[in-house]
Amino acid sequence: MWELSGTTLDPHRLRPILEVRLQVAKLALTAAQGEFLYRGAAAYVLHSPANRRLREAHFMAILTPALKHLSKMLA
């Protein structure tokens with residue numbers, strides 16, 4: 001895995017990194033949404049830990065490159 005972090009932008013070396021990035025963002029969203037549903041109304045409180053984690057997962061999904069862009073790059 002560490003050999004993937006070289007400075008070259010070779011598309012063949014970049015693809016595994018993009019795949020991992022896409023999977024991690026999707027897993028973060030799934031986990032945060034699951035916690036939100038599990039906690040129920042308490043998760044809607046603005047300063048609740050579940051609410052913070054959901055906002056962080058959403059940020060990860062829109063962080064450049066966003067999920068949409070990662071999917072296009074890997075297609």
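Before going into details, it helps to say that this report is about the structure given with it.

Each value, and the rule that gives it
Residues numbered from 1 in each chain as written. Predicted model: local features only at pLDDT ≥ 70, side-chain atom pairs only at ≥ 80, totals over all residues. Heavy atoms only, no water. Helix = DSSP H or I, 4+ residues; strand = E, 2+ residues; numbered from the N terminus. Contact = heavy atoms within 4.5 Å. Salt bridge = Lys/Arg side-chain N within 4 Å of Asp/Glu carboxyl O. Buried < 20%, exposed > 50% of the residue type's maximum accessible area, 1.4 Å probe, protein only. Phe/Tyr/Trp six-rings, centres within 6.5 Å; stacked < 30°, edge-to-face > 60°. Expected span 1.5 Å × (residues − 1). Arc of directions from axis to C-beta. Core = buried A, V, L, I, M, F, W, Y, C linked by side-chain atoms within 4.5 Å.

Here's the deal with the side chain of Asn 51
Part 1: Note that Asn 51 resides in helix α2 (residues 49-62).
Part 2: Residues contacting Asn 51, with those up to four places away along its chain left out, are Phe 36, Ala 43, Tyr 44, Val 45 and Leu 46.

Focus: the pattern of salt bridges
Part 1: Under the definition given, this model contains four salt bridges.
Part 2: Of the charged contacts in the structure, one is a salt bridge between Glu 35 and Arg 39, with a shortest N-O distance of 3.0 Å. Linking Glu 35 with Arg 39, this pair stays in helix α1 (residues 11-39), spanning four residues, or about one helical turn.
Part 3: Note on Glu 35: relative accessible area 16%, which makes it buried.
Part 4: Several salt bridges converge on common partners, so that one network encompasses Glu 35, Arg 39 and Arg 53.

Here we look at the packing of aromatic side chains
Part 1: The tally for this structure, following the rule as stated, stands at one aromatic pair.
Part 2: Ring centres 4.9 Å apart and planes at 65° place the aromatic pair Phe 36 and Tyr 44 in the edge-to-face group.
Part 3: Residue Tyr 44 is classed as exposed on the basis of its relative accessible area of 61%.

Concerning α2
Part 1: Along its 14 residues, α2 runs 20 Å from first to last C-alpha, staying within 8% of the 20 Å computed at 1.5 Å per residue.
Part 2: Turning to α2, its buried residues number three or more, namely Ala 50, Asn 51, Leu 54, Ala 57 and Ala 61. End-on, the buried residues of α2 take up no more than an arc of 125°, which puts them together on one face.

What to know about the nonpolar core
Part 1: Leu 22, Leu 29, Phe 36 and Leu 67 are the most contacted members of the largest nonpolar core, which has 14 residues in total.
Part 2: Where this core is concerned, the elements lending two or more residues are α1, α2 and α3 (67-74).
Part 3: The element contributing the most residues to this core is α1, with six residues.

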